[in-house]
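# Geometric and topological summary
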Amino acid sequence: MIEGDIETERDAERIRAKGVPVIQLTTGGACHLDAAMTHKGFHRLEKEAGGQTIDLLFIENVGNLVCPSTFDLGEHERVVLVSVPEGPDKPAKYPKAFISSQTFVVSKTDLLPHFDFPVAEAIGDALHLNPHLRTMELSATTGEGMETWLNYLRELVVKMKQEKNQVQ
Ligand SMILES: Nc1nc2c(ncn2[C@@H]2O[C@H](COP(=O)(O)OP(=O)(O)OP(=O)(O)O)[C@@H](O)[C@H]2O)c(=O)[nH]1
Ligand SMILES: [Mg+2]
């Protein structure tokens, strides 16, 4: 995993504690990663991973819905997350993040009883902007919806391997 933040190694430390090879990129102020940073970061990650094969690389961009949407990092798929406490109007306010993504995840759904977050409305707004979006709802805390997310990742790995074999 490649973690992107303005400051601190905190997210990388959290992921490393789970036994996953990870490096942290800190931008020092910039509100997004770019392809050159990701490229250098990937070579650092290869060293960090030792001899392990990297089948799936996650890049967590700097946490906002504005700047990351305009920079191509070379990723195969872009996933945009909106957590329940953030509110349902993010697709309406930040359309480019949803237009430039393939998947929209509503996260922290265990908090739905405590917030006014009409899920269908938020998803409807996003699909209005981008009818091709795959959408899913999940909670990392309760695990609800996690199987759908994991199946999506498994399918992605199979698809990428098939595409790679066709190129070789
Ligand atoms: N209730 C609830 N809390 C969660 C869930 N997932 C993460 N959190 C908590 O939310 C807080 C922030 O975590 P995240 O939203 O994952 O952080 P992040 O997106 O990496 O934040 P930035 O990198 O700062 O943008 C932490 O205290 C997490 O424990 C969830 O599914 N439900
Ligand atoms: Mg983070």
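This report concerns the structure included in the present document. Because the structure is a prediction, the values reported are computed rather than measured.

The subject of this paragraph is the overall build of the protein. In terms of regular secondary structure, the protein is built from 6 helices and 6 strands. When its helices and strands are written in sequence order, the protein yields β-α-β-α-β-β-α-α-β-α-β-α. A compact globule built from 168 residues should have a C-alpha radius of gyration of about 15 Å, and the protein, at 17 Å, falls within 12% of that. Overall size of the protein, expressed as C-alpha extent along the three principal axes, is 45 × 40 × 30 Å. Residue burial in the protein is summarised as follows: out of 168 residues, 21% are buried. By sequence separation, contacts in the protein at least 24 residues apart represent 62% of the contacts at least 6 residues apart.

Bringing helix α6 (residues 146-167) into the picture now. Residues separated by three or four positions in an α-helix point in the same direction, a consequence of the helix having 3.6 residues per turn. Over its 22 residues, α6 runs 32 Å from end to end, which matches the ideal 32 Å to within 8%, given 1.5 Å per residue. The buried fraction of α6 is low, at 0 of 22 residues.

The local shell around ligand 1 consists of D5, D11, G63, S83, S107, K108, D110, L111, S139, A140 and T141. Classifying every residue of the shell around ligand 1 gives 2 nonpolar, 5 polar and 4 charged. A domain split of the shell around ligand 1 shows at least three residues from each of domain 1 (1-73) and domain 2 (76-168).

Cut-offs applied
- Residues numbered from 1 in each chain as written.
- Chains lettered and ligands numbered in written order.
- Predicted model: local features only at pLDDT ≥ 70, side-chain atom pairs only at ≥ 80, totals over all residues.
- Helix = DSSP H or I, 4+ residues; strand = E, 2+ residues; numbered from the N terminus.
- Rg over C-alpha atoms; globule rule 2.2 N^0.38 Å.
- Buried ≥ 20, exposed ≤ 12 C-beta atoms within 10 Å, placed from the backbone.
- Contact = placed C-beta atoms within 7 Å.
- Expected span 1.5 Å × (residues − 1).
- Near = placed C-beta within 6 Å.
- Nonpolar A, V, L, I, M, F, W, Y, C, P; charged D, E, K, R; others polar.
- Domains from an automatic or database assignment.

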